[in-house]
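# Breakdown of the fold
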Amino acid sequence: MPIITLPDGTTRSFDTTTSPLQVAEDISAGLASVAIGARINGELCDLNTPIEEDAQVKIVTARKGEKETDPDALLLIRHSCAHVMAEAIQRIRPKTELVYGPALENGFYYDISFENEEPLSSDEFEAIEKEMKAIIEENRPFTRYELDATTGLEKLEKEGNKYKIDNAKRALETGSTSLTWYATGEKDKNWEDLCKGPHVPSTGRIGSYKIMTIASSYWHGDAESDNLTRVYGNAFVYSKQLKAYLKQREEAKLRDHRTVGKNLRLFHVDEQVGQGLVLWTPNGAVVRQELQTFIAEQLQLQGYSQVFTPHIGKLDLYRTSGHYPYYQESQYPPLIDPDQLKRLSDEGCSCSELSNMMAKGDIEGYLLKPMNCPHHIRIYASSPHSYRDLPVRLAEFGTVYRWEQSGEIGGLTRVRGFTQDDAHLFCMEDQIADEIRGCLELVKVIFATLGMDDYKVRVGLRDPDSDKYVGEASNWDKAEAACREAVESLDVPWTEDAGEAAFYGPKIDFIVNDVLGRPWQLGTIQVDYNLPIRFDLTYIGKDGGHHRPVMIHRAPFGSMERFIGVLIEHFAGAFPTWLAPEQVRVLPISEKTNDYAQEVHDLIHALGIRVSMDKNDERVQAKIREAANMKVPWQLIVGPRDAEARQVSVRMRGIRHDLGAVDLDTFITALQTEIQSRGKESILENCFPDVDVPKDA
RNA sequence: GCCACCGUAGCUCAGUGGUAGAGCGCACCCUUGGUAAGGGUGAGGUCACGGGUUCAACUCCCGUCGGCGGCUCCA
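Residues numbered from 1 in each chain as written. Chains lettered and ligands numbered in written order. Predicted model: local features only at pLDDT ≥ 70, side-chain atom pairs only at ≥ 80, totals over all residues. Heavy atoms only, no water.

### Brief notes about the overall build of chain A
- Within chain A, the regular secondary structure consists of 23 helices and 33 strands.
- The dimensions of chain A, computed from C-alpha atoms along their principal axes, are 85 × 80 × 55 Å.
- When the 697 residues of chain A are sorted by exposure, 51% land in the buried category.
- Restricting to contacts in chain A with at least 6 residues of sequence separation, those with at least 24 account for 68%. (Helix = DSSP H or I, 4+ residues; strand = E, 2+ residues; numbered from the N terminus. Buried < 20%, exposed > 50% of the residue type's maximum accessible area, 1.4 Å probe, protein only. Contact = heavy atoms within 4.5 Å.)

See below:
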């Protein structure tokens, strides 16, 4: 006699075992016709799952309007669509073996082994989609059946798909007592897949779908293991939703910093220079310089000292720090002392012998620095410190080099040479929390100025089961507590993650998503008890004795490369005036006003503002279009009327028409104010208080 | 590093086993035009690089470099 409680609190009782479908039918025929699944006591289930006891039931429907489709409905549709896609692929490639095909937050994929088949090409998507269409039109039911562990494993052994056997064993190990299959149609007759479900009732309930892309993956995510083909797709209830999704992806591509960077000539990566080595072209260099100046101003206010250090250091330095042995695989190979190299060569030393000698420390060389901390540590160590001097805060826009895997490199977000907004704080233990808070404050100020509020904070703690960490457990406890304490005072969402710590200490990471939704770690703050020991750093305490300082590594924006990459996407290339490579462009209506235009240009230029003048023999319409394409924030249109009145007609980026004519001097003053205040005081407010401008313009 | 796909003019991209194409951009000329493309003419390519097959390769095959999408990694 199950009593069913619905989300609105009402209850319905049934005489016998029931199912979500029966519950829906009991409510209304309309509901039953749109139901595709249910949550029973919070768990997502098939529509015909038997309910034998009292339960909370939420019916999942696919029809709630285009704007607010239930995420559960999308999960059901996408997982079901993955099955249909896999069946379609197996029709075309019968010898493939299925591995794993889950729904994602933003689509679905199916991992398939093509070991015994010709590889799949994206040219074949259309053919696969055609097969999928046929399967969906047949509207075959998803039929669930269950076998006990022994019978189920026997069946899988007989079929011989090692991946599915492995999936089954894993399911049984994690507590399942039986195995379930879903046939698309009838058991023993139609295509089927080992799968825990749930699914929509029948293939006809899958809405609009599309195969997106083909990629590769490893079995169990293990690079040593089998290579699998991963086919990504997406599915929605309505075709309009699919169209909107595809359109959004197109727009994201236009916002991609690689596209914008090329169009606006912000940076260039050159084949002949090297993979992952960024060349900052003049426009991008302006953005970077402005940003660095801004950050440096904030650092000065917070009591940092600026330092400069070279790009290389002795190999032994990194043996002391531990970086060389620990990260050897991801560093550029060392530069070996030329005399020593020649001697070894004369002695007939082989490459492997050389490599061994370098690892053991029998040979001296230099390393392109993969980190700035050893250099900063040696600066600290170069003079004695009293407890009265602490904290010592050494800051540098320090360029480091890392041998990232070639397949990982791309754009500005993953590179081999990059400049960190780095600093190292040397302090006493009871200063740690305050220093971390200072770092967080800096991040807040800068993100706020840039209008970036969509970021997350992750506190990375050690994994208690791993032995990769160095240092005393008691120190780790203290450092982890300090991180937590500081982050709690910051008003942003944060999570704790065990196993995300650096090998020498816990850290606080800032994570931002790019335009394609991929998360990137930007900045990081790390507490380090380890390096001060390794380098035997001390300060003189109140008691006159030597004490050990604690170090904080912090690069709140990570690397200038990655940060600006994310920033380009954040602004879609439309930088605020203070950051824009070109801040103002003067557009004379015809050559007749070139003289006045030149005067306007020169006056602005003399103030150190980045201004240009479009002298091309074009109509003003073409000049406006060109300036708009280059995302210049302010266009000054000057014709005879403006020259006569010593005014400029002002066009703001993103607004269809000009805002009106203002006195040249008034505009210039307002422009200077906006730039100097980094946008806090806008030209709009000071020159055009009555103009109504949409916020996102 | 692994797997798949891709590499043609400054940019975006067509194209074919038989002497290389468009649009935009660029240069020059005409036009002097008031708010998102005025018109004309012209220059510009060793078809990423190196091998091979072929009478003939931009096209087919192999390798290298680079890009893209994932996987793995990220102090």
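### Looking at the sheet that holds strand E9 (residues 142-148)
- Pairing within the open sheet is antiparallel, and its 3 strands lie in the order E9-E10-E11. The sheet is open, and its two edges are formed by E9 and strand E11 (192-194), each paired on a single side. Recorded for the sheet is a direction-independent mean angle of 25° between the axes of neighbouring strands.
- Of the strand pairs in this sheet, E9 and strand E10 (residues 178-184) are connected by 7 bridges, and their pairing is antiparallel. Its bridge partner lying in E10, Leu 147 is registered against Leu 179.
- Where helix H3 (residues 71-92) meets the sheet, its contacts fall on E9, E10 and E11, and the angle it forms with E9 comes to roughly 90°. (Pairing = 2+ DSSP bridges. Axes fitted to C-alpha atoms, helices over the stretch in contact; angles between N-to-C directions.)

### Re the environment of Lys 456
- Counting through the fold element by element, Lys 456 comes out in strand E22 (residues 455-461).
- Looking at Lys 456, the relative accessible area reads 51%, which means it is exposed.
- Once the C-alpha coordinates of Lys 456 and Asn 513 are considered, the two residues, 57 residues apart in sequence, prove to be 9.2 Å apart.
- In contact with Lys 456, not counting residues within four places along its chain, are Pro 493, Asp 509, Phe 510 and Ile 511.

### Quick notes on the packing of aromatic side chains
- Across all of its chains, the model carries 16 aromatic pairs by this definition.
- Ring centres of Phe 447 and Phe 557 lie 5.6 Å apart, and the angle between their planes is 55°; this geometry places the pair in the tilted category. One end of the pair, Phe 447, is in helix H15 (residues 432-450); the other, Phe 557, is in the loop between strand E28 (550-555) and helix H18 (560-571), and 110 residues separate them in sequence. Residues Phe 447 and Phe 557 agree in their burial class; the two are buried. (Phe/Tyr/Trp six-rings, centres within 6.5 Å; stacked < 30°, edge-to-face > 60°.)

### Quick notes on the state of the cysteines
- One pass over the full model with this rule turns up 0 disulfides.
- Here Cys 373 is not cross-linked by a disulfide; its sulfur's nearest cysteine counterpart is in Cys 439, at 15 Å.
- Take Cys 373: its relative accessible area is 0%, and that puts it in the buried class. (Disulfide = S-S within 2.5 Å.)

### Thoughts on the packing of helix H9 (residues 282-301) against H15
- Two numbers describe how H9 lies on H15: the axes approach to 11 Å, and their chain directions differ by 145°. Considering how the two elements wind past one another, H9 and H15 form a crossing that is right-handed. Contact residues: H9 offers Leu 291, Phe 294, Ile 295, Gln 298 and Leu 299, while H15 offers Leu 442, Val 445, Ile 446, Thr 449 and Leu 450.
- A class-by-class count of the residues in the contact of H9 with H15 yields 8 nonpolar, 2 polar and no charged. (Left-handed = near helix turned anticlockwise from the far one by under 90°. Nonpolar A, V, L, I, M, F, W, Y, C, P; charged D, E, K, R; others polar.)

### Section: the protein's contact with RNA strand B
- Not every one of the 56 residues close to RNA strand B is listed here, only the nearest: Tyr 218, Asn 227, Glu 408, Asp 617 and Arg 625.
- A distance of 2.9 Å is found between a base nitrogen of RNA strand B and a side-chain nitrogen or oxygen belonging to Ser 330.
- Asp 658 places a polar side-chain atom, nitrogen or oxygen, 2.5 Å from a base oxygen of RNA strand B.
- Its residues assigned to classes, the surface near RNA strand B comprises 16 nonpolar, 20 polar and 20 charged. (Near = heavy atom within 4 Å. Polar contact = N/O pair within 3.5 Å; in protein donor to acceptor, adjacent residues only side chain to side chain.)

### Digging into the nonpolar core
- Ile 436, Leu 450 and Val 648 are the most contacted members of the largest nonpolar core, which has 92 residues in total.
- Looking at this core, the element that brings in the most residues is H15, giving 9 residues.
- If we ignore the near neighbours within four places in the chain, the residues touching Leu 450 are Leu 291, Phe 563, Leu 567, His 570, Phe 571, Trp 578 and Leu 579.
- Judged by nonpolar contacts, the second largest core, of 42 residues, contains Ala 82, Trp 191, Val 200 and Phe 236. (Core = buried A, V, L, I, M, F, W, Y, C linked by side-chain atoms within 4.5 Å.)

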